[in-house]
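# A structural walkthrough
Below, each chain spelled out in residue letters.
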Amino acid sequence: QVHLVESGGGLVQPGGSLRLSCAASGFTFSKYAMAWFRQAPGKERELVAHIFTAGDITNYTDSVKGRFTISRDNAKNTVYLQMNSLKSEDTAVYYCNTLVDYFNYWGQGTQVTVSS
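Residues numbered from 1 in each chain as written. Predicted model: local features only at pLDDT ≥ 70, side-chain atom pairs only at ≥ 80, totals over all residues. Heavy atoms only, no water.

The next subject is the overall build of the protein. Counting its secondary structure elements, the protein contains zero helices and eleven strands. Sequence-ordered secondary structure for the protein, helices as α and strands as β, is β-β-β-β-β-β-β-β-β-β-β. Taken over C-alpha atoms, the radius of gyration comes to 13 Å for the protein, in line with the 13 Å a tight globule of 116 residues would show. Summarising its shape, the C-alpha atoms of the protein cover approximately 40 × 25 × 20 Å along the three principal directions. For the protein, with 116 residues in total, the buried portion stands at 39%. Considering only contacts within the protein whose residues lie at least 6 apart along the sequence, 52% involve residues at least 24 apart. If you sum the accessible surface of the protein, you get close to 6,300 Å²; carbon and sulfur atoms cover 48% of it. Computed over 10 positive and 9 negative side-chain charges, the separation of the two mean positions in the protein equals 4 Å. (Helix = DSSP H or I, 4+ residues; strand = E, 2+ residues; numbered from the N terminus. Rg over C-alpha atoms; globule rule 2.2 N^0.38 Å. Buried < 20%, exposed > 50% of the residue type's maximum accessible area, 1.4 Å probe, protein only. Contact = heavy atoms within 4.5 Å. Areas by Shrake-Rupley, 256 points an atom, 1.4 Å probe, with all protein chains shown as cover. Lys, Arg positive; Asp, Glu negative; His and termini not counted. Charge placed at Lys NZ, Arg CZ, Asp CG, Glu CD.)

Pasting the structure below:
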């Protein structure tokens, strides 16, 4: 049974940093790509960053390029999202995601609020 658990969200001032973690279980983590999505109030869920199995290929939505870094530790079954230079528009619930056997799995989400 696939299980994804996010952590690391919170309240941070503009310009600050946070690191999100997503602990995965129930599948062979190293064989699957992972992604972070976010959903702001009143908006659709959007893809933020994506990482392939070995961690050597990553993709980002334009609005976070140069500020966010996705990484993974296959030995710990964990994917991370380092978020720097945070802006108010980054405020959202952040979700960990993976596609296993044609089924999309989501964590419960972690709230990130950027405000002074």
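Here a disulfide denotes a covalent bond joining the sulfur atom of one cysteine to the sulfur atom of another. Scanning all chains against the criterion turns up one disulfide. Between the sulfur of C22 and that of C96 lies a disulfide, 2.1 Å long from S to S. Linking C22 and C96, the disulfide has an S-S dihedral of approximately -80 degrees and is accordingly described as left-handed. With C22 in strand β3 (residues 18-25) and C96 in strand β9 (residues 92-100), this pair connects stretches of sequence that are 74 residues apart. By the burial criterion, C22 is buried, and C96 matches it. (Disulfide = S-S within 2.5 Å.)

This paragraph deals with the environment of C96. We classify C96 as buried; its relative accessible area is 0%. Once residues within four sequence positions are removed from consideration, C96 is found in contact with L4, E6, C22, M34, A35, W36, V79, Y105, W106 and G107.

By themselves, these observations are geometric and do not establish any function.
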